[in-house]
Amino acid sequence: MLARIGDGAVNEPPASRLPAGLRLPFDPLLALATVGLMIASVVSLNKTTGALGSAHSFAMRQAVFFAVGSVIAIVMSRIDYSRLRELKYGVYGLMIAGILLVAVFGGVTKGTRRAIELPGFEVQASELCKVLLVVALSAFAVDRARGLGERDTTARLVLVAMVPATLVMASDLGTGLVYLVILLATLFVVGVGWKHFAGLIALGVISITFVLVAAPAVGVTVVKPYQVDRLTAFLNPSGVAGQAGYQQNQSRIAIGAGQKTGRGDRATQGPLKFLPEQRTDFPFAAIAERWGFVGAGLVLSLYALLIWRGLRILTVAKNLYGALIAGGIVAMLLFQVFINVGMNVGIMPITGIPLPLLSYGGSSVISTLLAIGLLQSIYAQGRATAAAKGRGRPF
Amino acid sequence: MMEPVSDRRPPITPQLALRVAIFGGFAFALFAIVFFRLWYLQVLSGDQYLAQANSNRVRVLPIPAPRGKIVDRNDKVIVENTFAAVLEIDPASLPQQERDLAAQWGSDEGRRDAKPEGHKGEPIPIPGIPTAALRARYQRLARVLDTSANQIHREVVHSLVLVPYSAVRLKTGIPRSILAYVRERPELFPGVKVSQTYVRKYPQGTLAAQLLGPVGAMTKFEAKEPRYHGLPTDASVGHNGVERAYDKYLRGKDGIQRVQVDANGRPVANSTLKNTPPAAGDRVRLSLDLGLEDAAQKAIEGPLNPGSHAGAVVALDPRSGEVLAMDSFPTFDPSIFTKQLTDARYKALTGTGKEAGPLFNRAISSAYPVGSTFKPITALAGLDAHLVTPATTVDDTGCTQVGEIKRCNAKHEQYGTIDMVKAIQVSSDVYFYKLGILEYYHGGLILQKWARKLGLGRDTGIDLPNEYAGLIPDPAWRKRLANAELACRAKRHIPADAPAAQGCGISDLRQYNLGDTVNLAIGQGDLQATPLQMAVVYSALENGGTIVTPHLGLDVESPSAELIQHLQSDPARHVAIDPADLAVVRDGLHLGASTPEGTSGDVFGTWWDQSKYPVYGKTGTATRLGRPNDQSWYAAYVPDAKRPIVVVVTVEDAGFGAAVAAPIACKVLAEYYKQDGSKCSPGSATAL
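Residues numbered from 1 in each chain as written. Chains lettered and ligands numbered in written order. Predicted model: local features only at pLDDT ≥ 70, side-chain atom pairs only at ≥ 80, totals over all residues.

## A word on the overall build of chain B
Here is step 1 of the chain: The secondary structure content of chain B amounts to 23 helices and 22 strands.
Here is step 2 of the chain: A burial count over chain B gives 43% of its 688 residues as buried.
Here is step 3 of the chain: Within chain B, contacts between residues separated by at least 24 positions form 72% of all contacts whose residues are at least 6 apart in sequence. (Helix = DSSP H or I, 4+ residues; strand = E, 2+ residues; numbered from the N terminus. Buried ≥ 20, exposed ≤ 12 C-beta atoms within 10 Å, placed from the backbone. Contact = placed C-beta atoms within 7 Å.)

Structural data, given as structure tokens:
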């Protein structure tokens, strides 16, 4: 087992004239992927929804979100994430409060309660709460790291994550799944045994069976019909009447029509609005139509770079807490990218899960940038610690 | 208190390394899946999706092509095009409820229509107008267009089901004053537009009306025909007559207007899509001679048909089968189909169940017993079977015994000792009764065989739809009728041996007998033949045994009258007729039309130049059960070396053949050979 001595304080690198925070290193490749995706988003929104110049254009607003998010990310990256471990109860409480606030006061968007409406903008609390869950759950996992073989440990961690996951799932199945993925990733990275995973999977299968088969049989509707429609539409889009099948079809047509190098200004699926929800749910399809396999492939490569750097940062973290946060964030981003792009290309069901950084929306953008800031912080702390110990550069 | 757990950790543990490797491998796999899928969609099937994207955004509206003209053999225009104003309603201006209602009804009705025949059930009624505002709109329109709000609603729904985004055509051929009224009040008539369309124009009025046929949007039944495969469901096609027969030449090719639309179906401004101009339809030249057609129509409408009885005139070129004239009386103005037609007027055109209306082409679709015009067939059959010779004589005392029944000439006329030529000339029934008896006992079914060989009892193959094949009564036919009667009686629990009056009325259950053959020998009884079939028979008498296929279509020409192709009709058949036999029949026919004793001699009188244009003619007077009077027939030909012609005339309920049909035929012949037709006068012969 992992035996550790000492506390989580940072060993400062040799003195320099620069302020401490600015002397910390950052991961340039992660920054490259992040900036690249932000540029792709603004350029794409600018092309598909109107000129950048207008102050109220979506591209402009997204650019503002990016600016705010980047500031948060930079600040976060200069802070030692390890301090957050002490605030775990506060973070967890904030998360639960946020989710409950949405459930009680949230505005209804497309049939689901997702956002708190404030004057001028909405806050999708469940987006930010994903990151909070990563931070809090990792802290609890570190606390229990000694008792990894015990069923109790696994059960407690599952319970800690299942509370917000269930609350979110009640209104938004897709985002709730992200919470579950964060849980699984945390358990995986912290080193929970395979047997416990097997048990969790069995439990999952049983509850899904209950929700989909047993409950409807006795007349209790847990999953709403439209949710079933969305989940099954991708299997046979043209066969499913209604919105879900139509969206999936139009998305595939848009992507396919982009061909190798894209249709550029001759694009029709996006500009003529055959492609639905192209700012939030289908930005990837809009890019794929306009810039073709070249553009879509580049975007996917940037995501791959992001994920690769995330995994790399996991391995250079100075402590388990950092590794767990990195693991949770990487799993969260990977899941969102795969589900959203998969839904765009027609191999995943329709869910409301946004594509990190490419989907329009302040909550999603700022939460994602906060998560990336955390990754940068883990990298910075890991590098600084390694340097202090005189080990070679980890990268 | 728990000791604070430190999480400072040494370089990565093997377990974590393994798990990170698994994590990484998993991520790699997911990216690989998405990349391959993207490759498949964009690179491998990109063309297909590009096509789908284009069909998504491009709405195709037809630009109607003008239909080709129809002209007669001398280039006189029979049918051409003109413009008519059309009042249309823009479907985008209709409330969503109306469009939803149309979509729902269309899918319900489509499901019903897809069921097998017999299980379809009742047609689904169109639900009422969904909103009060729309009802008020329709009512305003209905007042202007002289129809009802519900009628407009039904038309709108039908059109929306067929082509959801195209304008709904409300009425064609609107007077100028109403157009102006509607145009000036867009607030009262929202979404109503005025556009132009081609409609057919008939410069010859009612002439040859039945041959042409109406033109209009394809019906549900036509849409299923293979000949219209690939046409849009609202394509304009010929429903009948020449317009239907030569539709593929006349139709032309509609142009295509391409409109780029957004996802809501709204047209996008300044789209740079190419339109395809329409290609006008080809000209079809008919064999009709409008001068002759006009003479035929005037003759049958005029004082020679004092009772204005229904009838038909057919004139053929006996060498080629080209139809020179074909008239069916009563007639109608074909332009009524270019305007909205009320149900009552349509019923008046189609006629009641008992009496066919003016739409009906009596020349090809009505079959009757043909009376004595059948006698040449009886004569040829008897001569061919050597049952009689030209010299065989019969003592015609006015009546003869047929089985147990005594049958007589009309008015018991006595012709004395007559041979075959004389018998045809004076139209002796006694002679042909006796020949019929001979044929029944010694010839078997030679009469039926010869009738069929010469073209009766089967389609002539004319290039017009709705031809009737007629009927030659024979033992097999009687048996079929009897079987049908028995089946019907079994179904209705009527005893098989009940008297005919209590039966189903299909058959009296008797077997074919002598009476049937004897009736057939003089063209009476159950025989049914169309005027066109008789024209084919007399063409064979003129040309010596060639059974021509009558046809109207001569050439297809480009809109600028350049020949594209000659229209081919089915090849003619040849029937071997002994020239000596034929000569006997011809003698009889010529004497019949050129001598005072002949049945139609006084029709042509002495003024007709028989040496230049010898007329070979036979009167016929057919008795039809349940009709007030006999049917008048005349079949004649002139074997002119350069311009031969066969003319057949029939007039229902008009009496003796010589009295009505023969003078009408005389008028037609006079027109053709530039004789003085005003001298054609009703004949007095009372032979059948």
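## Here's the deal with the environment of Phe329(B)
Here is step 1 of the chain: By secondary structure assignment, the location of Phe329(B) is in strand 11 (residues 323-329).
Here is step 2 of the chain: Setting aside chain neighbours within four positions, we find Phe329(B) in contact with Ile300(B), Glu301(B), Ala310(B), Gly311(B) and Ala312(B).

## Quick word on the pairing of strand 18 (residues 563-566) of chain B
Residues and elements named next belong to chain B.
Here is step 1 of the chain: In the sheet, strand 17 (residues 553-557) pairs with strand 18 via three bridges, with the strands oriented antiparallel. In the strand pairing of strand 18, Val556 is matched with Gln565.
Here is step 2 of the chain: Two successive antiparallel strands, strand 17 and strand 18, enclose a turn made up of five residues, where Ala561 displays a positive phi of approximately 70°. (Pairing = 2+ DSSP bridges.)

## Side note on the interface of chain A and chain B
The accessible area lost on association of the parts is a frequent measure of interface size.
Here is step 1 of the chain: The interface of chain A with chain B comprises 48 residues on the first partner and 36 residues on the second.
Here is step 2 of the chain: Going through the elements one at a time, helix 5 (125-143), helix 7 (173-190), helix 10 (243-258), helix 11 (283-316) and helix 12 (320-345) of chain A are the ones with two or more residues in the side of chain A that touches chain B.
Here is step 3 of the chain: Among the elements that take part in the side of chain A that touches chain B, helix 11 of chain A stands out by supplying 11 residues, more than any other.
Here is step 4 of the chain: In the side of chain A that touches chain B, the residues fall into 28 nonpolar, 13 polar and seven charged. (Nonpolar A, V, L, I, M, F, W, Y, C, P; charged D, E, K, R; others polar.)

## Some details on the confidence of the model for chain A
Here is step 1 of the chain: Residues at a pLDDT of 70 or more form 80% of chain A, whose mean pLDDT is 83.
Here is step 2 of the chain: Low confidence marks residues 1-13 of chain A, where pLDDT is under 50. Its contacts with residues over four positions away, or in another chain, come to 29 contacts. (pLDDT = per-residue confidence, 0-100.)

## Topic: the pairing of strand 21 (residues 631-638) of chain B
In summary, the side chains of a regular strand alternate between the two faces of the sheet.
Residue and element names in this part refer to chain B.
Here is step 1 of the chain: The element strand 21 is extensively covered by neighbouring structure, given that eight of its eight residues are classed as buried.
Here is step 2 of the chain: Side chains of strand 21 alternate between two faces, with Gln631, Trp633, Ala635 and Tyr637 and Ser632, Tyr634, Ala636 and Val638 buried alike.
Here is step 3 of the chain: Here strand 20 (residues 616-622) runs beside strand 21; their pairing, made up of seven bridges, is antiparallel. Bridged to Gly620 within strand 21 is Trp633.
Here is step 4 of the chain: Two successive antiparallel strands, strand 21 and strand 22 (residues 645-651), enclose a turn made up of six residues.

## As for the sheet that holds strand 10 (residues 311-316) of chain B
All names here are of chain B.
Here is step 1 of the chain: With antiparallel pairing, five strands are arranged side by side in an open sheet as 11-10-22-21-20. Both outer strands of the open sheet, strand 11 and strand 20, are each paired with one neighbouring strand and no more. Each strand of the sheet is rotated relative to its neighbour by a mean of 5°, with strand direction disregarded.
Here is step 2 of the chain: Here strand 10 runs beside strand 11; their pairing, made up of six bridges, is antiparallel. Within strand 11, the position partnered with Val314 by the bridge is Met326.
Here is step 3 of the chain: Those strands touched by helix 11 (residues 290-301) are strand 10 and strand 11, and its axis lies near 30° from that of strand 11.
Here is step 4 of the chain: Helix 21 (residues 579-594) rests against strand 20 and strand 21 of the sheet, and its axis sits at about 80° to strand 20. (Axes fitted to C-alpha atoms, helices over the stretch in contact; angles between N-to-C directions.)

## Observations concerning the packing of helix 5 of chain A against helix 7 of chain A
Residue and element names in this part refer to chain A.
Here is step 1 of the chain: Running from N to C, helix 5 and helix 7 cross one another at 20°; their axes reach a closest spacing of 10 Å. Taken together, the axes of helix 5 and helix 7 lie roughly parallel to each other. Of the two elements, helix 5 crosses helix 7, and the hand of that crossing is right-handed. Between helix 5 and helix 7, the contacting residues are Ser126, Lys130, Leu133, Val134, Leu137, Ser138 and Ala141 on the first element and Thr175, Val178, Tyr179, Ile182, Leu183, Thr186 and Val190 on the second.
Here is step 2 of the chain: The residue makeup of the contact of helix 5 with helix 7, split by class, is nine nonpolar, four polar and one charged. (Parallel < 35°, antiparallel > 145°, perpendicular 65-115°, else oblique. Left-handed = near helix turned anticlockwise from the far one by under 90°.)

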